[in-house]
Amino acid sequence: MDMKKRIVTLTAMVLVCPIFLSGCWDRKEINDIAFVLGTAIDKEGSKYRTSVQIAVPRDLGGSSGKSGGGKGWYIESKLGKTIRLSSQEIQSNNSRTVNFSNRRSLIIGEELAREGISTIMDVFTRTPQNRLLPMVAVTEGFAYKILDTDASIEQFPTEMVRELILNFTKEPISIKTVLTALLSEGIDPVLPILKVDESVPPKVGEPLKNVRIAGLAIFKGDRMVGTLKGDMVKIMTLSMNQNKNLEMSIPAPEGEGDLVFLFKKNHARFVPVIHGDNVTMKVLMHMEGAIVENASNFSPSNEVGMGKLEKSLEDKMHKDITKMLDIVQHQYQADSVGFGEIIHQQKPKDWDRLSSRWKDIYPHVKVEIETDVQLKTVGQALQPMGLRQEEIIHD
Amino acid sequence: MSKSGGSQGLISTSDVMLGLPSPPIEEECLQKDLARNIEMAKKIFLDCSDMVYRDIQVAQDQKAFLFYIEGIVDSQEIESQMLKPFIIGYVENEDEDSLESPQNTRVSLSQASKATTWGDIITGVINASVVLLMDGTTEAHIFNVKGGVRRGVEEPQTETVIRGPREGFTETLRVNTALVRFRLKTPKLKMVSFVIGDETKTDIVLSYIEGLADPKQIRDVTKRLKEIKIDGILESGYIEELIEDHPYSPFPQMQYTERPDTVTAQLLEGGFAILVDGTPFVLIAPVSLWQLMQASEDYYERFFISDFIRILRYMFLFIAIFLPGLYIAVITFHQDMLPSTLVLSIAAAREAIPFPVLVEALMMEIAFEALREAGIRLPKTVGQAVSILGALVIGQAAVEAGIVSAPMVIIVSLTGIASFTIPRFNLAITVRLLRFPFMIMAGTLGLFGIVITFVWILVHLTHLTSFGRPYLEGVSPYYKKNQKDIFIRVPWWKMIHRPQGTARNNNKRMEKGINGTPKPDKGW
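Residues numbered from 1 in each chain as written. Chains lettered and ligands numbered in written order. Predicted model: local features only at pLDDT ≥ 70, side-chain atom pairs only at ≥ 80, totals over all residues. Heavy atoms only, no water.

Definition in use: UniProt positions are given in the numbering used here, feature names are shortened, and annotations may be inferred rather than shown by experiment.
Under an unreviewed UniProt entry, chain B has the name Spore germination protein KA and belongs to Paenibacillus macquariensis. Quoted verbatim from the Sequence similarities (unreviewed entry) heading of the UniProt record, the comment on chain B is "Belongs to the GerABKA family."

For chain A, the name recorded in an unreviewed UniProt entry is Spore germination protein KC, with Paenibacillus macquariensis as its organism. Database annotation for chain A, UniProt heading Sequence similarities (unreviewed entry): "Belongs to the GerABKC lipoprotein family."

### Regarding the overall build of chain A
Filter applied, for reference: Helix and strand assignments follow DSSP, with helices taken as H or I runs no shorter than four residues and strands as E runs no shorter than two, numbered in order from the N terminus. Throughout, radius of gyration means the C-alpha value; the globule benchmark is 2.2 Å times the number of residues raised to the power 0.38. For each residue, the accessible area found with a 1.4 Å probe, counting protein chains only, is set against the maximum for its type, and the residue is called buried under 20%, exposed over 50%, and partly exposed in between. In what follows, a contact means two residues having at least one pair of non-hydrogen atoms within 4.5 Å. We get accessible surface area from the Shrake-Rupley algorithm with a probe of 1.4 Å; when it comes to residues, only the shown protein chains can shield them. By the counting scheme adopted, Arg and Lys are positive, Glu and Asp are negative, and His together with the chain ends is not counted. Where a charge lies is defined by one atom per residue type, namely NZ (Lys), CZ (Arg), CG (Asp) and CD (Glu).
Each helix and strand in chain A was counted, giving twelve helices and 15 strands. The C-alpha atoms of chain A give a radius of gyration of 27 Å, which is well past the 21 Å a tight globule of 395 residues would have. C-alpha extents for chain A along the principal axes are approximately 95 × 65 × 60 Å. Here chain A, with 395 residues, has 47% of them falling under the buried criterion. By sequence separation, contacts in chain A at least 24 residues apart represent 70% of the contacts at least 6 residues apart. Surface accessibility of chain A: about 19,700 Å² in total, with carbon and sulfur atoms responsible for 52%. The positive charge centre, built from 50 side chains, and the negative charge centre, built from 51, are 8 Å apart in chain A.

### Structural notes on the nonpolar core
The line we're drawing: As used here, the term nonpolar core means buried Ala, Val, Leu, Ile, Met, Phe, Trp, Tyr and Cys residues forming a set that is joined through side-chain atoms within 4.5 Å. An automatic or database domain assignment supplies the residue ranges for each domain.
Within the largest apolar cluster, 85 residues are counted, with the highest numbers of intra-cluster contacts made by Leu228 and Phe339 of chain A. Each of domain 1 (29-229) and domain 2 (230-395) of chain A gives at least three residues to this core. When neighbours within four sequence positions are excluded, Phe339 of chain A is seen to be in contact with Gly186, Phe270, Met281, Leu325, Trp358, Tyr362, Val365 and Val367 of chain A. One finds Ala320, Tyr327, Ala347 and Ile450 of chain B within the second-largest nonpolar core, a separate group that totals 61 residues.

### Quick look at the UniProt feature "transmembrane region" (unreviewed entry) in chain B
Residues and elements named next belong to chain B. In the numbering adopted here, UniProt assigns the feature "transmembrane region" (unreviewed entry) to residues 270-290, 311-333, 405-426 and 438-459. Along residues 405-426 the backbone is 77% helical and 0% strand, and the end-to-end C-alpha distance reaches 31 Å. Taken end to end, residues 438-459 comprises 95% helix and 0% strand; its first and last C-alpha atoms sit 15 Å apart.

### Overview of the sheet that holds strand β8 (residues 255-257) of chain B
Residue and element names in this part refer to chain B. As a reminder, the rule being used: Pairing between strands is defined by DSSP: at least two bridges between the two strands are required. Think of each axis as a best-fit line through the C-alpha atoms, taken over the contacting stretch in the case of a helix, with angles from 0 to 180 degrees between the N-to-C directions.
Taken in spatial order, the five strands make up an open sheet running β6-β7-β9-β10-β8, and their pairing is antiparallel. The strands lining the two open edges of the sheet, one partner per strand, are β6 (189-196) and β8. For this sheet the average axis-to-axis angle between neighbouring strands, irrespective of direction, equals 25 degrees. Here five bridges tie strand β7 (residues 202-209) to strand β9 (residues 272-276), and the two strands are oriented antiparallel to one another. Residue Ser207 lies in a different strand from β9, and its bridge partner there is Ala273.

### Considering the pattern of salt bridges
Test applied: By definition here, a salt bridge exists when the distance from a side-chain nitrogen of Lys or Arg to a carboxyl oxygen of Asp or Glu is within 4 Å.
Across all of its chains, the model carries 41 salt bridges over all chains by this definition. For the salt bridge of Glu44 of chain A with Arg49 of chain A, the shortest nitrogen-to-oxygen distance reads 2.6 Å. Judged by its relative accessible area of 18%, Arg49 of chain A is buried. A salt bridge links Glu473 of chain B to Arg469 of chain B; the shortest N-O distance between them is 2.4 Å. With respect to class, Glu473 of chain B is no different from Arg469 of chain B; both count as buried. In this structure, a network of salt bridges that share partners links the residues Glu365, Glu369, Arg372, Arg432 and Arg435 of chain B.

### Focus on the packing of aromatic side chains
For clarity, the cut-off: A pair of aromatic rings is counted whenever rings of Phe, Tyr or Trp (Trp by its six-membered ring) have centres within 6.5 Å, and the orientation is called stacked for planes under 30 degrees apart, edge-to-face for over 60 and tilted otherwise. Placement of a charge over a ring requires the Lys NZ or Arg CZ to be within 6 Å of the ring centre, with the centre-to-atom vector within 35 degrees of the ring normal.
For the structure on display, the rule yields 22 aromatic pairs over all chains. Ring centres 5.7 Å apart and planes at 35 degrees place the aromatic pair Phe65 of chain B and Phe67 of chain B in the tilted group. Each member of the pair, Phe65 of chain B as well as Phe67 of chain B, is classed as buried. Ring centres of Phe251 of chain B and Tyr471 of chain B lie 6.0 Å apart, and the angle between their planes is 65 degrees; this geometry places the pair in the edge-to-face category. Taken together, the positions of Phe251 of chain B in the loop between α9 (236-243) and β8 and Tyr471 of chain B in the segment after β12 (469-470) put the pair 220 residues apart, joining distant regions of the chain. Residue classification places Tyr471 of chain B among the buried residues on the basis of a relative accessible area of 0%. By way of ring pairs, the aromatic residues Phe270, Phe339, Trp351, Trp358 and Tyr362 of chain A are connected into one cluster. Of note, Lys71 of chain A hangs over the ring of Trp73 of chain A, and the distance from its end group to the ring centre comes to 4.1 Å. Cation over ring: Lys42 of chain B sits above Tyr53 of chain B, and NZ or CZ is 5.2 Å from the ring centre.

### Focus on a nonpolar patch on the surface
The following threshold applies: Within this analysis, patches are made of residues with over 30% relative accessible area and no salt bridge. Like charges are joined at 9 Å or less; nonpolar side chains (Val, Leu, Ile, Met, Phe, Trp, Tyr) at 5 Å or less.
Taken together, the side chains of Phe304, Ile305, Phe308, Ile309, Ile311, Leu312, Met315, Val475, Phe487 and Ile488 of chain B make up a nonpolar region of the molecular surface, amounting to roughly 850 Å² of accessible area. Residue position: Phe308 of chain B is located in helix α12 (residues 303-332).

Here it is, written out as structure tokens:
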């Protein structure tokens, strides 16, 4: 009995102690925290400008909140010698503890990107509060401009950025992806370029400021060396096996007008052939898709017609990929597709030999491209719908 | 009330016993003089207004005296089987001299005995017997004519089922034993009788199946029951607290049930049951934590449904214990853990709330417990008013006034619902109690506090026993064979063995599993 009493007393003491000893020292109510939703970083002279988008819960319309009519967020922007120091400046301006764990996206200004991003990555990975999941993007011009857009379809502009990037590639480009690319020798990072875009031209109505992905920033090492724009963006993501829904158009092989295709399945396979320092990269591009719009008077009503379409698509792909690889390989000399990484994985022994000289070898890698396009699931809807039989050119 | 059924009954009107003098009277014998015996009887049962005394003339020169307690005996039976025969017999055969043994000649009641001491007579009277004293003899005749109005067999109030027997135990011990006996038609079903309570003399029956129950355990329970010395047993809860292994544990180590089928199932698994007169709640033991999470319906519905519901129940057990604590911990310490949109909407909802989450949660949980308690005690008609008040005041108004946040209301109500999914009320109460240490620890130490509390409870559970059987039996210690009836229930044709821990001597339920799927007939 005495023993039992002692056990009970001890347990009670042990249980009560933390309540009084700890004093809840880490306690921080959710309303004592300022949630940073996105960070934009620019270089100004030798200093960093950190701009953060901070949520204002009062304006988010909780159950008891009479929404104050605010946007639900505001921006703070401070200069500092390092990013951490500029964040501290932001903190000293804020009655609530700034918390970075819910950062949705990290936006890097062009100037900073051209100077190199490896030095700034540290602060986004070091403390556990920082997740590796924020989406990363580069802007044309200053990064903070993206934060102050309307992006009215999402709650916050940074959320819009996040969703845009999530939909852009199969494997979203987050801090984690960027770090992986930065740290491995055989691949250089590629980041989407964001641009502020007006939703409508002024003649249509009052424009809202929107965000769009306007291209791809090509990095060599940690420095941005150039951009890809227009069709080349699709071809690049396709070569990286990252394209989600590729839409492409070609002029009709016979007759007039264009046809648009949607490729839901696409796969690029790379086979390195290595003789000494001569590296040849075979690119095997396989695509399966369907016609989504036939704006021509050509009707591919049988295999021959389909074959013609497939042939011209294959030719177009061949041309485009060659062009794209030419730009990154010779103009920018950036291994964006990750040829080095492919050799590393498929021929590790050769890679051990080549890796130290990869930067010199890469521009001389020969590329052989094979494309295989298959059009499927056309069903019965072969002919252009709005044309009479005699207007249609059959293959 | 069957005549052969009962031998002893209970009457606990304390005024019966108040006039009782100290032991010597109980040992005192009857006198030959009827008048003195009558005087004695009236003295013993002084001020017992429910006593009935009746003089009768059984023969020309022989008087008799008859007394019993009204209400607990079957008066009609006495009238037709005792008074009538005596009076008619007296009229018909006046020369009769064989009245030495009236139970053989006149009285057609099956349960008859003789007594010579006042102690036996008192026992008889309070156990619903009629005592017949005859002039000139020192022997009293005692006829048991148990009767009186008690509740009949009704549907159990606390354990309703959609599918399954609708019979529930009643307050009458013999009805209860019969309900079990109806289901177990074997002489191996033992019903050992005890009388506990100096004043209440409550009849208690320890029931088990010979050959299935562990004899050591039965000896142990018998010993524990015999050691009870108390003035009264009014409910099986008294027994439960007096004989359980760990009285300081918050976890129930015995299960109570109103359902004869549950008792039968327990007996068939090698356990035992304690039936107490005066309450419909029968205790069954040994139990494990898993058993308290089972409902009788689990075994009656098809196994897919039972499995789904059982898994659901375990999920909600988890919610009932952890949810408020987790919410507090996450909101006060680990905001990083939540998805951004969720954390922002919670922050938005909490923006105007004046209290810290812990205070808010404690307030709401305590209010909820009070509401529940108020609902139970109130008459049904008023109960509705309570639920309206509760829903309006605590739910809506508090949120609108900005005193409590809406997420907190969701958490509290979800926790409340979760605790109602636990099929055993005593375990549900334990879970509700344990929620509070979790909440306080979560509010002071965050997830770390939750882990500490959980480990503490786990350590407690692993060394907890119910009549010597581990409380987590089947999982810790791990028995592979028991897995078929812990988190899931396998179909009956796979339930070949009894649980390994309890029915060790005879652990096969059936010879081999029968799968009813018909084999394709060759003729087809």
